[in-house]
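What follows is the residue order along each chain.
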Amino acid sequence: MPLHEGRTYVITGADTGIGALTAQTLQERGARVIRCGIGEDVDVRADLGDESGRDHLVTEVGRLAPGGIDGLALIAGIGVPTAETIRVNYFGTLSVLAGLRTLLRRKPTPRVVVVSSASALSAGDPDVIGACLRGDEEAAVAAAQRVIARGRGGVLYRSSKIALNRWVRQSAPAEEWAGTGVPLNVVAPGIVETGTARETMLEDPAQAKMLSTALPQPLGFPGPVQAIADAVAWMLSAENSFMAGQIVFVDGGADATLRSDKPYADGVRYGAAATTKMLYWALAAKVRALRRR
């Protein structure tokens, strides 16, 4: 049986770029795909920048798939230097995720993939990120407007993606996700050759050179869009059964180039409570072993 046959997926941002190719790839591999976006050729037209659009998407998906959905790929996002980037990329994404959680749980092997960005390897604005993680949309927008007033609106895109990455790391192992059998993970693409990238970031040779220096991709710059679609497709499949809270950089080697082994240089530092529990159970295991002799 093909990997995705008989499964129903919801893809946001399915009208352009990575989202469009992911939807096409999944459909070609046997899935039913509910395409969501702001363009014409979608099943659900909804702007995730405001509550009415988010609610509309959730309501329409419920109408189209009352029996539930097997997977959700949250790909919709914008990169403009305005507060709308925070509204769409962070709050729109999480609102849709929360709204569709019930439909995911109606299926035996539900999967969720959030598409982030390798730009999150750089620092973002701490006030914007902090307000996002507190779930305070208006405070995040206010912080974004202060960033814009300082002439640093370009940092908002990666700030939204950093906040998403951190939210997934905090939330994926929790009872409402991994605890109920719903793997939640992130794909973080490098710079790939979408139409939007060609028209904006890659159009000017000097701009492209600057970006390739900031985000070096030894496997190629820009990268292939299909590589991202394939990664998302596998992470949505039932085969992805034992991975939760992972940020998978599909970035041509940028993460490894920029950070090398730094994230893994130090081991886990356990707190007092966890250390006490481990010592207790280690001692209990030794006692049992002695009794069996």
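See above for the structure.
What counts, and at which threshold
Residues numbered from 1 in each chain as written. Predicted model: local features only at pLDDT ≥ 70, side-chain atom pairs only at ≥ 80, totals over all residues. Heavy atoms only, no water. Patch = residues over 30% accessible without salt bridge, like charges linked within 9 Å, V, L, I, M, F, W, Y side chains within 5 Å. Areas by Shrake-Rupley, 256 points an atom, 1.4 Å probe, with all protein chains shown as cover. Salt bridge = Lys/Arg side-chain N within 4 Å of Asp/Glu carboxyl O. Lys, Arg positive; Asp, Glu negative; His and termini not counted. Charge placed at Lys NZ, Arg CZ, Asp CG, Glu CD. Helix = DSSP H or I, 4+ residues; strand = E, 2+ residues; numbered from the N terminus. Axes fitted to C-alpha atoms, helices over the stretch in contact; angles between N-to-C directions. Parallel < 35°, antiparallel > 145°, perpendicular 65-115°, else oblique. Left-handed = near helix turned anticlockwise from the far one by under 90°. Contact = heavy atoms within 4.5 Å. Nonpolar A, V, L, I, M, F, W, Y, C, P; charged D, E, K, R; others polar. Core = buried A, V, L, I, M, F, W, Y, C linked by side-chain atoms within 4.5 Å. Buried < 20%, exposed > 50% of the residue type's maximum accessible area, 1.4 Å probe, protein only. Phe/Tyr/Trp six-rings, centres within 6.5 Å; stacked < 30°, edge-to-face > 60°.

**Observations concerning a negative patch on the surface**
Argument step 1. A cluster of acidic residues, Asp47, Asp50, Glu51, Asp55 and Glu84, forms a negative patch on the protein surface.
Argument step 2. Mapped onto the elements, Glu84 comes out in helix α3 (residues 84-99).

**A look at the packing of helix α1 (residues 17-28) against helix α10 (residues 225-236)**
Argument step 1. Direction vectors running N to C along α1 and α10 enclose 55°, while the axes themselves pass 9 Å from each other. Put simply, α1 runs oblique to α10. Two packed elements cross with a definite hand, and for α1 against α10 that hand is right-handed. On the side of α1, the interface is formed by Gly17, Ile18, Leu21, Thr22, Thr25 and Leu26, while α10 contributes Val225, Gln226, Ile228, Ala229, Asp230, Val232, Ala233 and Leu236.
Argument step 2. Residue composition of the contact of α1 with α10, by class: nine nonpolar, four polar and one charged.

**Notes on the nonpolar core**
Argument step 1. Ranked by size, the top nonpolar core spans 48 residues in total, and within it Leu57, Val61, Leu97, Leu100, Val112 and Leu184 carry the most contacts.
Argument step 2. By size, the runner-up hydrophobic cluster in this structure holds 23 residues, among which are Ala31, Ala73, Val115 and Ile228.

**With respect to the packing of aromatic side chains**
Argument step 1. Taken as a whole and assessed by the stated rule, the structure comprises two aromatic pairs.
Argument step 2. Seen from their ring centres, Tyr90 and Phe91 are 4.9 Å apart, and the 80° between their planes marks the pair as edge-to-face.
Argument step 3. A relative accessible area of 8% places Phe91 in the buried class.
Argument step 4. Relative to Trp281, the ring of Tyr280 has its centre 4.9 Å away and its plane inclined at 80°; by these criteria the two rings are edge-to-face.

**Some points on the pattern of salt bridges**
Argument step 1. Throughout the structure, instances matching the rule amount to 10 salt bridges.
Argument step 2. Two residues, Arg63 and Glu60, come together in a salt bridge whose shortest N-O distance is 2.8 Å. Here the residue Arg63 and the residue Glu60 both occupy positions in helix α2 (residues 51-64), the gap between them amounting to three residues, near one helical turn.
Argument step 3. The exposed category is assigned to Arg63, whose relative accessible area is 53%.
Argument step 4. Note that Arg259 is salt-bridged to Asp255, the shortest N-O span being 2.7 Å.

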